Amino acid sequence: MQLTVKKADQLKAKPDDSTLGFGSIFTDHMFNMDYNPKDGWHNPRIEPYASIDMDPATMVLHYGQGVFEGLKAFRTESGDIQLFRPNDNFKRFNNSARLLCIPEIDEAFALDALKQLLIIEKDWVPSTPGTSLYIRPTIIATDPFLGVRASHTYRYFIILSPVGAYYAEGFNPVKIWVTRNHVRAVRGGVGEAKTPGNYAASLYAGEQANQHGYTQVLWLDGIEQKYIEEVGAMNIFFVINGELITPMLTGSILPGITRDTVIALAKKWDIKVTERQISIDEVLDAHKSGKLEEIFGSGTAAVISPVGEIKYGDTIITVGNGKVGPMANKFYKTILDIQYGNTEDSAGWIETI
Ligand SMILES: *Cc1c(COP(=O)(O)O)cnc(C)c1O
């Protein structure tokens, strides 16, 4: 497939690194590609960033048939640009697509197209430590049709957004609220897909957590409301008596690439790491007996997010005296060092542009 490029006539002014937040500034160009049953995926093109003109009946707007990914491009000290495990993002993108009845894309072509977009937008990759260029590949159903079925046509696009350091105010623990009234996903559903509806469904509980003074929701399983699944839009880890524990992937948990990275590093460092069911009661009991050492979330945006407090019903526990634990700290430092090219990439996770 031949990728065409149409450059913008006028380039936007680039923001100062110190003013970068998350997800509100977009670069000059985007990638687009279309799907129809006759041509398959076709007309891949890089063109000026622009609105998408849509019929009000466009299917994604009504039935949420869409999938997305989230990854980052990092600028190294020597000025190079690199990606972290992008093949895993495109693999997961196709898994999400399959679950949503969206035609899969060619992963190698997708990575190549992303690289070409990044070369055109290279000056948008910020260089201040902790900043990066966030990458959002997305596929949406585009048939103008109100019947419930899979769309016949789709648009794949990639937009880019320079983002600031996640921990501008320091690497501090957050307070999390265990919701007992809502679940994020259920077994056999689409919890393991990055699909818009999962995030819409998480907002109500998130707002309730905020109203109670908590930053994130801790999600329990949808059947027994007993086993821990995720925290906000992150995977979760517990350190109990020196052992690193994370919920096993059951279909209702998003298989995070940061999660997989933490597990791989733990194995390399000979830390005992277990993927299994872990109940909220087990965590509270471990706290009672003084064996709960750390809790932290993992995800692309924050990398590692230490948890300092949990509220479950009337019970409130403080984790690790409300301070960042040594494991959270070590994973955080090491993953950032790999992403920014400050340490050797012995696992082959880095893709240079
Ligand atoms: C994206 C995401 C994660 C983290 O995945 P990473 O690949 O580590 O960024 C975890 N949970 C949910 C619900 C997510 O959407």
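Residues numbered from 1 in each chain as written. Predicted model: local features only at pLDDT ≥ 70, side-chain atom pairs only at ≥ 80, totals over all residues. Heavy atoms only, no water.

(A) Layout of the pattern of salt bridges. A complete count under the given rule lists 15 salt bridges for this structure. One salt bridge in this structure joins R85 and D88, with 3.1 Å as the shortest N-O distance. Put simply, R149 and D143 hold a salt bridge, and the shortest N to O gap is 3.0 Å. According to the relative accessible area criterion, D143 is buried, its value standing at 6%. Each of D34, R45, E47 and R155 takes part in salt bridges that share partners, so that together they form one network. (Salt bridge = Lys/Arg side-chain N within 4 Å of Asp/Glu carboxyl O. Buried < 20%, exposed > 50% of the residue type's maximum accessible area, 1.4 Å probe, protein only.)

(B) Region of interest: the domain arrangement of the protein chain. Per the domain assignment, the segments making up the protein chain are domain 1 (4-163) and domain 2 (174-339). Tallying the contact residues gives 18 residues for domain 1 and 17 residues for domain 2. Surface buried jointly by domain 1 and domain 2 totals about 1700 Å² across both partners, of which 63% is contributed by carbon and sulfur atoms. Linking domain 1 to domain 2 there are 1 salt bridge. On inspection of domain 1 and its partner domain 2, the count reaches 10 residue pairs in polar contact (both at pLDDT 80 or more). Elements supplying a minimum of two residues to the side of domain 1 that touches domain 2: β4 (66-68), β5 (71-75), β6 (81-84) and α2 (86-99). Of all the elements, α2 adds the most residues to the side of domain 1 that touches domain 2, at 5 residues. (Domains from an automatic or database assignment. Contact = heavy atoms within 4.5 Å. Buried area = accessible area lost by both parts, 1.4 Å probe. Polar contact = N/O pair within 3.5 Å; in protein donor to acceptor, adjacent residues only side chain to side chain. Helix = DSSP H or I, 4+ residues; strand = E, 2+ residues; numbered from the N terminus.)

(C) Spatial organisation of helix α3 (residues 107-120). Between its first and last C-alpha atoms α3 spans 20 Å; for 14 residues at 1.5 Å apiece the expected length is 20 Å, and the two agree. Burial in α3 covers these residues: F109, A110, L111, A113, L114, K115, L117 and L118. (Expected span 1.5 Å × (residues − 1).)

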